[in-house]
Amino acid sequence: MNINYMYSLIAVIVLFLLAYVGVMLPGGEYLFGLFIPFAAVITFIVGFTYRVVGWARSPVPFCIPTTCGQQKSFPWIKSANFDNPSTTGGVIARMFLEIVFFRSLFRNTKCELKEGDKLSYEWEKWLWAGALAFHWAFFTVLFRHLRFFLEPVPACLQILEKLDGFLQIGLPGLMLSGVVLLAAVTFLFLRRLFVPQVRYISLASDYFPLFLIMGIAFTGILMRYFAKTDIVGIKEFTMGLVTLKPHIPEGVGGLFYVHLFFVSVLLAYFPFSKLMHLGGIFMSPTRNLANNSRVKRHLNPWDYPVETHTYQQYEDEFREKMIEAELPVEKMIEAEPPEETEEPEEKE
Amino acid sequence: MSDVPNPEELLTNIAPKPPATGWMDTPAEIKKGIACYASNPKSVEYVGLPYPRQWSCFDEDWQLPENWKEIITEGFRERLDRFRSIKVFMDICVRCGACADKCHFFIGSGDPKNMPVLRAELLRSVYRNDFTAVGRIIGSLGKKFKKSIGARELTLDVLKEWWYYLFQCSECRRCSVFCPYGIDTAEITIMGRELLNLIGLNIDWIATPAANCYRTGNHLGIQPHAYKDMMDFFTDDIEDITGVRVEPSMNRKGAEVLFITPSGDVFADPGTFTCAGYMMLFHFLQEKYGFDITWSTYASEGGNFGFFTSHETMKRLNAKMFAEAKRLGVKWILGGECGHMWRVINQYMDTMNGPADFLEVPVSPITGTVFENARSTKMVHITEFTADLIKHNKLDLDPSRNDHLKVTYHDSCNTSRGMGLLEEPRYVIKSVCNNFYEMPANTIREQTFCCGSGSGLNAGENMELRMQGILPRANAVKYVHEKHGVNMLSCICAIDRAALPTGMEYWVPEVDVTGVHELVGNALILPGEGKRTMNLRSEDLPGMEDMEDEDAE
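Residues numbered from 1 in each chain as written. Chains lettered and ligands numbered in written order. Predicted model: local features only at pLDDT ≥ 70, side-chain atom pairs only at ≥ 80, totals over all residues.

1. Quick notes on the overall build of chain A
Looking only at helices and strands, chain A features 13 helices and two strands. Dimensions along the principal axes, computed over C-alpha positions, put chain A at roughly 105 × 55 × 50 Å. Across chain A, every contact between residues at least 6 apart in sequence was considered, and the portion connecting residues at least 24 apart equals 64%. (Helix = DSSP H or I, 4+ residues; strand = E, 2+ residues; numbered from the N terminus. Contact = placed C-beta atoms within 7 Å.)

The following block contains the structure:
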């Protein structure tokens, strides 16, 4: 029994019940509909900023990009301008590919020992595909939700919805992103559960956001396609939040509050968790620096002088042997008295 | 290697699955054959590092200072404030596991704590407990909760586990290539070892070389006269082989260029043959083009064992390069074939010990090429230098002398992933050898595998670890050996030249190891040389001895 994943599952179930039941209590709608979402958004913004600022306060003393291709040296050798950037433009391209297409994960291989003594490497695209599907779907879903916060709904959102619902199945029309999100998050969960090495390293804090996002997607899909929650009421509600004229609509149903509560928990949890990789990826010194440290001096703000073993100390110790071996020396031994200072003590 | 399991045993010993107990509940068992010996107190003392003492990792009591925990915690805090890399890498790992089977030590051992992610978690768990709000809050709920979020207290067992596994990482950065956030285990290991050094927990294969470098200028502790002796010895050998007497100059003021190479090249086979290769190249250039270069006994080490100790020690050892260049009044520095030496030069040197404003932007006096990529650091890699010479047709080469070799090329971790020096050495090899075969794509260039002995792990007592670590590299060599008959593994790293022969002997005994400039030396036609019947190893050149016989007739 994997205790880490049980903890997380139980936590999400408790959160579900908390919202579902809580909203029925007097004042519950205000608590779950107004107070908690506001607090969550503020926690997210303050927390996220705090973390990023915290990282930024630690300097990058050395230029340590991980170079993943040919350096720029001679004009007759083709350099890998994105995988081993030497310019800011190259770094931007590298970061873009990393953030938008998960370039590094795309390289992923699976290493296996075959026939007892042969190592083989196979392109392992599923983690990359699953992760990309998950993040893109989540982003699309999030973006689509802007329609609840904007009046009139901008054209780009309408186009996105058209694209997202291009399959034109059912009424209301099926949005692909929601389905992909749920499928991808389930895949990522099953992977954690069934790949022995990944299960071994997984913590409750890895399962929890997965269950939470599963819950968000699931409740969202339930509301849209099955419970057919009152969309107009919700829009009134969300517009109330945006315009800071809070208004709790009648009868939008417990499911909506669960959905909203899950989102609130996710937002509040975000800055304290590994989800901060969203901010962190921009700050990773092995990716966001150009490999130009031989061309341009990188500065270390806390650099301090250190004690070194100087040539003089070295020669003082070995002078005799050096002279014997006919190696040039700076100072000769006694015979020719030095002009300036006295001869320092000879060490053995 | 009597205690080391044979290759078949080693392969069957690879654990197929993680153990049933969670990693926090599986204390590290420090094994002979895997762990390295503790540092010699004299070496620790010589470089002024704290808490020199006699201790052993196999003892229960490590003779730690009483307040070791405080020292580590304070040191950790300090480094979080100084290195953004550590701070970010402690926070953002999502444990996707992409790095897991990228580590040669994990592939070769199956020990889950050798998965880069878990190696980092060993430190992260303490970080969460001591430095994060969540760790403190959830941790206060109880031990079970603490564990479920991956937090734990720093205990003596944890400290020993750190030591054991931080000296099973060769800082090769292969995991960092695959990590979606670029988390670099090398950074974590570097920082972890720096913390361990605060309480005197180094290994001797790092501490003593570092002390030697500091005193004698090189990690083998070769004193100046002995260094010169070795050079004289090579000079004689070269004369025997080619009939030409080369005249390397040492510690000479006013030379145009200073040459610094790892001292392994001067002292241990097959590095010595690479050294002979450099000497012949410089002689050729001097004779033909008046090239003016000097070696130094003071800065007689390219490698930097301080890099495996602490950033400060790295800086102290590295300082000799610029200092010597300044003292001798050269224009720029040429660097020999070495791996981590070049990571330090490319990514650290100018920052630590620059600006080198007393040097000039390196220009090849022979081709006129300006080495723009070394504009500020003013230090050029010898394969860059040689590739440029060959490109401009400045060398007289007879690649057929290497025809009995079928050569493959092992990219060093540091020059690949900390620099991107991929094509230059290949260009040189292909110009001096007619038979060149690449190993499979997943084992070369930025995806290259470590020799298993990098970052100071090239000791004798950890042979089982080293043979585990070299498995992926050896396996790829075996593949091209069986497919193409490859019999020579070339490389541009002194640790490789020291470690790969042992590993080849164990896994693929038919394959030998060479530096790139040994191949160059063999192909290079020196002005006034006699007919070559031997290679730089004084072995008969197949085909050539017959010709001589015919000539004699």
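2. Examining helix α13 (residues 311–324) of chain A
Helical periodicity: at 3.6 residues per turn, an α-helix aligns residues three or four positions apart in one direction. With 14 residues, α13(A) extends 18 Å between its outermost C-alpha atoms, agreeing within 8% with the 20 Å of an ideal straight helix rising 1.5 Å per residue. At Phe318(A), α13(A) is deflected by roughly 70°, the largest bend along its length. Where α13(A) is buried, its residues touch α13 (224–242) and α16 (311–328) of chain B. (Expected span 1.5 Å × (residues − 1). Bend = angle between axes of the 7 residues up to and from the residue.)

3. Some points on the sheet that holds strand β5 (residues 407–410) of chain B
All names here are of chain B. What the three strands build is an open sheet, ordered β5-β6-β7; its pairing is parallel. At either margin of the open sheet sits one strand with a lone partner, and together these are β5 and β7 (512–515). Neighbour-to-neighbour, the strand axes of this sheet turn through a mean angle of 35°, independent of strand direction. By the bridge criterion, four bridges tie strand β6 (residues 488–491) to β7 in an arrangement that is parallel. When the bridges of β7 are listed, Cys491 appears paired with Gly515. (Pairing = 2+ DSSP bridges. Axes fitted to C-alpha atoms, helices over the stretch in contact; angles between N-to-C directions.)

4. Comments concerning the confidence of the model for chain B
All names here are of chain B. Confidence in the prediction of chain B, expressed as mean pLDDT, is 95, and 98% of residues score 70 or more. This model gives residues 548–553 a pLDDT under 50, and the stretch forms two contacts once residues within four places in sequence are excluded. As a predicted assembly, this complex carries a pTM of 0.94 together with an ipTM value of 0.94. (pLDDT = per-residue confidence, 0-100.)

5. As for the domain arrangement of chain B
All names here are of chain B. Annotation of chain B at the domain level lists domain 1 (7–30 + 50–201) and domain 2 (210–523). With 18 residues of domain 1 at the contact, the number on the domain 2 side is 24 residues. In terms of residue count, the dominant contributor to the side of domain 1 that touches domain 2 is helix α5 (residues 104–109) (five residues). A per-class count over the side of domain 1 that touches domain 2 returns seven nonpolar, six polar and five charged. (Domains from an automatic or database assignment. Nonpolar A, V, L, I, M, F, W, Y, C, P; charged D, E, K, R; others polar.)

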